[in-house]
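Residues per chain, in single letters:
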Amino acid sequence: MCALKSTSLMDLNMRGLVVSLLCFLFSVATKFNCCTGHSLKALCNEEEREALLSFKTGVHDPSNRLSSWVSEEYCNWEGVLCHNTTGHVLRLNLRWDVYQRASSLGGNISSSLLHLKHLRYMDLSCNNFGSLNIPKFFGFLSNLRYLNLSSAGFGGVIPHQLGNLSKLHYLDIGNCQYYIHRNSLNVEDLEWISGLPFLEYLDMTTVNLSKTSNWLQVMNKLHSLSVLRLSNCELLAIDSLRHVNFSNLLILDLSWNHLISSSFDWFADLSSLTTLNPADNTIHGQIPYGLRNMSSLIFLDLSYNKFASSLPDWLFHMTTLEHLYAISNMFQGKLPNNIGNLSSITYLDLSDNALEGDILRSLGNLCAFQLSKISHRSQGKSLEFLNLGGNKLSGSFPDTLGECKILEYLNLGENRLSGHLPNELGQLNSLSSLYIHRNSFSGKIPISLGRISTLSRLNIRENFFKGILSEKHLANLTSLKELDASSNLQLTVQASSNWTPPFQLTGLDLGSCLLGPQFPAWLQTQKNLYDLNMSYAGISDVIPAWFWTRTYQTIDLSHNQIIGSIPSLHFPRIHLGSNNFTDPQPQISSDVVELDLSDNLFRGSLSPMLCRQRTNKEVNLLNSLDVSGNLLSGELPNCWMYWRELTVLKLGNNNLTGHIPSSMASLIWLGSLHLRNNHLSGNFPLPLKNCSSLMVLDLSENELTGSIPEWIGNFIGKITETFLEVGRILYTASLMVLVLHSNKFNGSIPVELCHLNSLQILDLGNNNLSGTIPRCFGNYSRMIKPSNSTSPFPFHDPYYITFGSTDEATLVMKGVEYEYHKSLGLLAGIDLSSNNLSGGIPEEFTSLHGLIFLNLSHNHLQGKIPVKIGDMKSLESLDLSMNRLSGVIPQGMATIAFLSHLNLSYNNLSGQIPSGTQLRGFSPFSFIGNPELCGAPLTDDCGEDGKPKAPIPDNDGKDDSGWIDMKWFYLGMPWGFAVGVWAIFAPLALKRAWRHAYFQFLDEMKYKLLGWCL
C-alpha cells in the first residue's frame, strides 16, 4: 500500500514536470511569435538590429535604398538574410548594380558591424566610399566566409588585419571592368594572406603589388586556391617555384602587368588549370614549355606580348582548348598544318603577327575535322570565331572553309592572299562577319556570297576585284548592316534606280569604286544609315534634296564632280572637298564637328557662312574647318568668337586679303592654322599671340611684313586637364611646324624661337631676314633624335589634345615642292634659304641627328662647312649653294648614307671632293661654281697638292665674280629660249607647205611606232 502511494506520487510529480516544461516551451514559442509573426522563425536579436541601424546612419544613401530598414523585423530588410532558427544575421548583401535606378552607397562604415558575430557573407561591391580605407575591424568578423569589396571606391593600404579571417573562402578586393567606381588600393606586405588557409577565390585586380616581390611565394601557401586574379597589379617579375602547393588552381589571370620572363617552369605542375591569361605583358621569347602539360586547359590568352618564336607544334595537340588567343605578338614562321588537331576549338585568334605560309593547307585540315564531327553527329563544340588577320599568309581563299557550318566570324584581312573567291563561300550559312580586306583577291565577286542571309558585316576593301557588284549579289543579304567595298578600283556598283534593297545599312563605304555618274537613288531607302563614304566614285550628278534631310553621322562625298549648291548642313562630320559645288555658301548648324569644303568653286567672302547671328545658348561644336582651294576673296571675317571650339582651320590657296582679324584671338584651342597662298598683308598677326595651343602654323606665300615677333617663342603648349585618379595629364604640345616661306619678313631671327623644343619643321625661306643663324637652333630636341617610323606624330598621342587625324604642309625638299600629309610627323627639317643671313653655319647644327632636310642656300654665309656634318646621319637633302663658304668639304659628308640631294654649287670651296661613291655619285652641277674644287664628279683632276691641275683664273680678290657671271647667265636664259623656240616654229607658222610636211612626218613616225609595238 505504501509502495503504491509512493508510485502515484512519483507519477504526479512527473506529470507536473512535463506540464511545466510544456508551459515553458509554449511561452518561448509565444514570445518568438510576437517578434516575427511566424512560429517557425528565429528569435529576434535587438543588439544586431541596433548594429544595422548604426551602419545605416553612417552611410550616405542618396536614393534611399535602405528605406526598409525601419521596421522591427530586421530580417526582412533589404540586403539582410538571417538564420531561420536563431535569427542571427548571416548575410549582408548591399552590392550596387549599375542598371539599378537607385544610387550607390557612400559615406562611412560603422564599427557596429562587429556585433554581427555570426555574419558569414558580406558584399559591399560596386558602391562608392570615396577612397575610404578598408576598415581594419573587418578583420575581426571572424565567421566571414565571403567578402566582396570590389569596385567600391576604397583606397589606401589594404589592412593586414584581413589575414585574421581564417575561415574565409572568397575574397574580392579588385575592380569590376565596367563599373565607374574603382578601388585604388596597394599592398606593402602580402604575408597576411597566408593566414587564409581555406581561401578558394582571390581577386586583387588593379591592386598595386609592385612592392611585394614575394607575391608568388605567398600565393603558393594557399593550397585550397582555385581562382587567382591578379590583373593590372603592376607585377614586375615571376620568380621560380621549387614546389607548387596551389596545384588545384583552375583559373589564373596575370594580364595587364609588366612581366617579361617566359621561363615559367612551374606551370607544368598546374595540370588542373582550365583558364590561363597572361595577356598584355611584355613576355618575350618562346611560349612557356610548361603549358604542354596542362591537359585540362580550356582558355588560353597570350595576346599583346612580345613572343617572337614560331608557334610550337605541341600547342595544337591541346585537344581540350576551346579558346586560343595570341593577338599582336611577333609570332613568325608558317602556320602549322596540324592546326586541325584543335578538335575542341571554338574561338581562334592569331591576328596581328608575322605568320606566313599557305593558308589553304593549314585551314583545310581544321575545317575537314569540323566536317567529320558533323558527319558523325558529334555533340562536341565547333569553330565559331576565326581571326587570322594582320599576318603574311599567302595562297588562295580556302574553299574548305565552307565546311565550317557554324562559323560566325571570319577575318582573313591584311594578309597576302590572292586568287578568286570560291563559290563554296556561300555555304557559310551561319556567318555574320566576313573581313577579307587589304589582300590581293581578284576576279569577280561570286553570286553565292549573296546566299549568306545571316551576314551583317562584309569588308572586302583594298583588293583587286573587278566587274560588277549588282543587285543579285545583295538580294538575299537581309541581315546586312555594314558594307565596305572601297578601294577596288575596277569594281562597279550597279543598281537600278527603283531597286529596294532587302537590308537596312548603318555603314556603307564604296570609296574608289565606280558608282556614277548618277547619284545612287536606292540610298533613299536606307533609313538607318549613319556612316557613308562614296568618295572617288565618279559621281557628277546633283545631290537630291532628300539626302540633306537625313541624320547621318559621317558623310564623305569628296573627290567627285558633284555640282549644284549645298543647303544648310547639320551632320556632325562632312567631307565634300574636291567637287564642283558653287554658291551660295551653306549655313552651318551648331552640331557640325568637321567640315571639309576644300577645292570647290565657292566665291566671295566667308562672312555669310560664318557670321550668322547666334543665340547666347547656342554652342558651335565645329572642331575642324577646311575651305582651302576655293575662289574666296575679300578680308577674313571678324566673327571667330562664334567658333571657339575650332582646333583645325584651313583657308589656304584662296584670294583672301587684308589683316588677320582681332576675333581670331578667341581661338584658344586652335592647334593647326593654314593661311598659305593668299594675299594677306600687315605685320605678323598679333591676334595669334593668344592661340597658345598652336602646333602647326603655315602663313607662307603671303605679303606679310615686319619682323618675326619674340612672343612666338611662347607657343610651348599647356596643361588642359589633370586626372589625378589615374595619374595622367592632358596637354597640348608646343609649336611643331612653323612655315613662313615667301613673305616679306625682315630683321633678325629671334632667339626666342629656340624655346620651341618640339619644333620639327622650321621654314623661314624666301624672306628678307638678316643677321646670323642662332646657335641655339642646335637644341631642338625633336630634330636631335632620329625619326622613328613606328612612333606616332603627337597628333595621335592620347595624352595630347588631338587636332585631326593628320595634318599637312607644303615644303621644298630636294629642290622640289611637295605636299606632306600622313608622313608629316616623320619629317624634321630647316629651310632658311633666300634671305640675307650672314656669319657661319653654327657647329651646333651637327647635333641635329634627326634632321632630314637642311636648306641654307642663297644667303651670304661665310666660313667653313662644320667638320662634324657627317654626324647628321638622317640627312636626305642638303643645299648650301649660292653662299660664300670656303675650305674643304668635310670627309664625313661622304658617310651620310641617306643623302640623295646635295647642292654645294657657287661657293668658294676648295680641295678634293671626298672619295667614296656617296658624293661622287652626284651630278657635277652639285659642285660647279667652286673654282678651286677638284676630283670626281667634276672633270678637273686634282694635283698632288690637292688643287685643280687646270689653271685657275685670277679674280683679283673679287669673290663675287662667279656669282655676277651667273646672274648674266640666268638673265640670258629666257631670251635664248625664246629665240630658239621662235627659230623652230616661225617657219612653220609662215610657210604652209613646211607646216604640212612637218605634220605629215609626225604622222608617219606615229604609224611606224604603232607598227613596231603591234
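These numbers come from a predicted model, not from an experiment.

Procedures and definitions
Counting restarts for each chain, with residues numbered from 1 along the sequence as it is written. Per-residue local features are limited, in this predicted model, to residues with pLDDT of at least 70; the limit for side-chain atom pairs, both in listing and counting, is 80 or more; totals at the level of whole chains, interfaces and linings are taken over all residues. Derived side-chain values reflect all non-hydrogen atoms in the structure, with water molecules and hydrogen atoms excluded from consideration. Helix numbers and strand numbers start at the N terminus; a helix is a DSSP run of H or I with at least 4 residues, a strand a run of E with at least 2. The cut-offs for exposure are 20% and 50% of the maximum accessible area for each residue type, with area from a 1.4 Å probe on protein chains only; residues under the lower value are buried, those over the upper are exposed, and the others partly exposed. The contact criterion used throughout is that any non-hydrogen atoms of two residues lie within 4.5 Å. In these tables, accessible area is a Shrake-Rupley quantity obtained with a 1.4 Å probe, and a residue counts as shielded only by the protein chains included in the view. Two strands qualify as a pair provided that DSSP identifies no fewer than 2 bridges between them. Residue-level confidence of the predictor is summarised by pLDDT, bounded by 0 at the bottom and 100 at the top. Whether two aromatic rings pair depends on their centres lying within 6.5 Å, for rings of Phe, Tyr and Trp, where Trp uses its six-membered ring; planes under 30 degrees apart make the pair stacked, over 60 edge-to-face, and the rest tilted. Cation placement over rings: the criterion is NZ of Lys or CZ of Arg within 6 Å of the ring centroid and within 35° of the ring normal. One fewer than the residue count of a helix, multiplied by 1.5 Å, yields its expected span. Throughout, the arc means that of the directions going from the helix axis to the C-beta atoms. Distance and chemistry together define a polar contact, namely a pair of N or O atoms within 3.5 Å, with one atom able to donate a hydrogen and the other to accept it when in protein, and with adjacent residues in sequence counting only for side-chain atoms on both sides. In plain words, nonpolar cores are sets of buried Ala, Val, Leu, Ile, Met, Phe, Trp, Tyr and Cys residues tied together by side-chain atoms within 4.5 Å. Any two cysteine sulfur atoms lying within 2.5 Å of each other are counted as a disulfide. Any carboxyl oxygen of Asp or Glu that lies within 4 Å of a side-chain nitrogen of Lys or Arg is treated as forming a salt bridge with it.

Secondary structure summary: the protein chain contains ten helices and 63 strands in total. Out of the 1014 residues in the protein chain, the part that is buried amounts to 49%. Partitioning the contacts of the protein chain with sequence separation of at least 6, the portion at a separation of at least 24 is 55%. Looking at the protein chain as shown, the accessible area adds up to about 47400 Å², and 54% of this sits on carbon and sulfur atoms.

What follows deals with the pairing of strand S40 (residues 631–635). As paired elements, strand S38 (residues 603–604) and S40 share two bridges and run parallel to each other. Residue pairing for S40: glycine 604 is matched across the bridge by leucine 632. Here S40 runs beside strand S42 (residues 655–658); their pairing, made up of three bridges, is parallel. Residue glycine 634 lies in a different strand from S42, and its bridge partner there is leucine 656.

Now for the environment of arginine 416. Note on placement: arginine 416 falls in the loop between strand S23 (409–411) and strand S24 (418–419). Expressed as a C-alpha distance, the spacing of arginine 416 and serine 394, which sit 22 residues apart in the sequence, is 4.8 Å. In this view, arginine 416 contacts Lys392, Leu393, Ser394, Gly395 and Asn439; residues no more than four positions away in its chain are not counted.

This next bit is on the sheet that holds S42. Strand pairing within a sheet occurs via backbone hydrogen bonds; the two strands may be parallel or antiparallel. If you walk across this open sheet you meet the twelve strands as S38-S40-S42-S44-S46-S50-S52-S56-S58-S60-S62-S63, and the pairing is parallel. In the strand order of this sheet, the two ends are held by S38 and strand S63 (932–934), each with one partner. When strand S62 (residues 908–912) meets S63, the two strands line up parallel, connected through three bridges. Along S63, the bridge assignment pairs glutamine 912 with cysteine 934.

This part covers the confidence of the model for the protein chain. Per-residue confidence for the protein chain averages 84 on the pLDDT scale, and 81% of its residues sit at or above 70. Long-range and interchain partners of residues 374–379, a stretch whose pLDDT sits below 50, account for three contacts in this model, where long-range means more than four residues apart.

Another point: the packing of aromatic side chains. All told, the structure shown has 30 aromatic pairs when counted by the stated rule. Seen in terms of ring centroids, tyrosine 121 and tyrosine 146 are 4.0 Å apart; in terms of plane orientation they differ by 10 degrees. Their pairing is stacked. Taken as a pair, tyrosine 121 in strand S5 (residues 121–123) and tyrosine 146 in strand S6 (residues 146–148) lie far apart in primary sequence, 25 residues in all. Residue classification places tyrosine 121 among the buried positions, given a relative accessible area of 14%. Members of the aromatic cluster, joined through ring pairs, are Phe519, Trp546, Phe547, Trp548, Tyr552 and Phe571. Looking at arginine 91, its charged tip hangs above the ring of tyrosine 121, at a distance of 4.1 Å from the centre.

Take unusual backbone geometry next. Residue proline 517 follows glycine 516 across a cis peptide bond; omega there is 10 degrees. Relative to the elements of secondary structure, proline 517 occurs in the loop between strand S31 (507–509) and strand S32 (531–533). At the junction of alanine 936 and proline 937, the peptide bond is cis and its omega measures out at 10 degrees in the coordinates. Looking at the secondary structure, you find proline 937 in the loop between S63 and helix H9 (961–990).

This paragraph deals with helix H2 (residues 46–58). A rise of 1.5 Å per residue sets the reference length of H2, with its 13 residues, at 18 Å; its end C-alpha atoms lie 19 Å apart and thus fit the reference within 8%. Buried residues of H2: Glu48, Arg49, Ala51, Leu52 and Phe55, and no others. One side of H2 holds all its buried residues, which, seen down the axis, span an arc of 160 degrees. Elements that come into contact with the buried residues of H2 comprise strand S1 (59–60), strand S2 (80–82) and strand S3 (89–93). Where H2 begins, one side-chain oxygen reaches toward the backbone nitrogen of glutamate 47, 3.0 Å away; that side chain belongs to asparagine 45.

Turning our attention to the nonpolar core. Grouped burial of nonpolar side chains is what soluble globular proteins tend to show. Core analysis: the biggest nonpolar cluster contains 246 residues, and Phe138, Met204, Met219, Trp266 and Phe547 have the highest contact counts within it. Among the elements of the structure, H2, S2, S3, helix H3 (215–219), helix H4 (359–375), strand S28 (464–469), strand S30 (490–493) and helix H6 (607–610) are those that each provide at least two residues to this core. Tallying contributions element by element places H3 first for this core, with four residues. The next biggest cluster of nonpolar side chains, apart from the first, holds 13 residues, and it includes Tyr820, Leu827, Ile852 and Phe853.

Moving on, we get to the state of the cysteines. Inspection of the entire model under this criterion finds four disulfides. Between the sulfur atoms of cysteine 611 and its disulfide partner cysteine 639 the distance amounts to 2.0 Å. Every disulfide takes its handedness from the sign of the S-S torsion; for cysteine 611 and cysteine 639 that torsion is -75 degrees, giving left-handed. Here cysteine 611 is found in the loop between H6 and strand S39 (624–626), whereas its partner cysteine 639 is found in the loop between S40 and strand S41 (648–650), with 28 residues between them in sequence. Across the disulfide, cysteine 754 is cross-linked to cysteine 776 (sulfur-sulfur distance 1.8 Å). Looking down the S-S bond of the cysteine 754 and cysteine 776 bridge, the torsion is 60 degrees, so its handedness is right-handed. With cysteine 754 in the loop between strand S50 (744–748) and strand S51 (761–763) and cysteine 776 in the loop between strand S52 (768–771) and helix H7 (781–784), this pair connects stretches of sequence that are 22 residues apart.

Another point: the side chain of arginine 676. Considering the arrangement of structural elements, one finds arginine 676 in the loop between strand S43 (672–674) and strand S44 (679–682). Look at arginine 676 and you get buried, because its relative accessible area is 11%. A polar side-chain atom of arginine 676 sits 2.3 Å from a polar atom in the side chain of glutamate 701. Excluding residues within four positions of it along the chain, arginine 676 makes contact with Gly652, Asn653, Asp698, Leu699, Ser700, Glu701, Asn702, Thr810 and Glu817.

The next subject is the pattern of salt bridges. As enumerated under the stated definition, the model contains 14 salt bridges in all. When the shortest N-O distance is used, the salt bridge between arginine 438 and glutamate 462 registers 3.6 Å. Of this pair, arginine 438 sits in the loop between strand S25 (433–435) and strand S26 (440–443) while glutamate 462 sits in the loop between strand S27 (457–459) and S28, and the two are 24 residues apart along the sequence. The exposure class of arginine 438 is partly exposed, given its relative accessible area of 45%. We note a salt bridge from glutamate 594 to arginine 573, for which the minimum N-O separation is 3.6 Å. Placement of the pair is glutamate 594 in strand S37 (residues 594–596) and arginine 573 in strand S35 (residues 573–575), with a sequence separation of 21 residues. In this structure glutamate 594 comes out as partly exposed when scored by relative accessible area, which is 25%. Because the salt bridges share partners, they merge into one network encompassing Glu414, Arg438, Arg461, Glu462, Asp484 and Asp509.

This part covers the sheet that holds S26. Spatially, four strands are ordered S24-S26-S28-S30 in an open sheet, and the strand pairing comes out parallel. Each edge of the open sheet carries a strand with a single partner, namely S24 and S30. Pairing of S24 with S26, which is carried by two bridges, proceeds in the parallel orientation. Opposite glycine 419, over in S26, you have phenylalanine 441 as the bridge partner.

Let's shift gears to the pairing of strand S46 (residues 703–707). Inspection of the sheet shows S44 paired to S46 by two bridges, in the parallel sense. Note on S46: the bridge partner recorded for glycine 682 is leucine 704. Pairing analysis gives three bridges linking S46 to S50, with the strands arranged parallel. Bridge assignment links serine 707 to a residue of S50, and that residue is asparagine 746.

The next subject is the side chain of asparagine 579. If you trace the backbone, asparagine 579 turns up in the loop between S35 and strand S36 (580–581). Relative accessible area serves as the criterion here: at 3%, asparagine 579 is assigned to the buried category. Of note is the side chain of asparagine 579, whose polar atom sits 3.0 Å from the backbone oxygen of leucine 557. Within the local environment of asparagine 579, its side chain forms a polar contact with the backbone nitrogen of glutamine 561, the two atoms lying 3.4 Å apart. Setting aside anything within four residues of it in sequence, one finds asparagine 579 in contact with Leu557, Ser558, His559, Asn560, Gln561, Ile562, Asp599 and Asn600.

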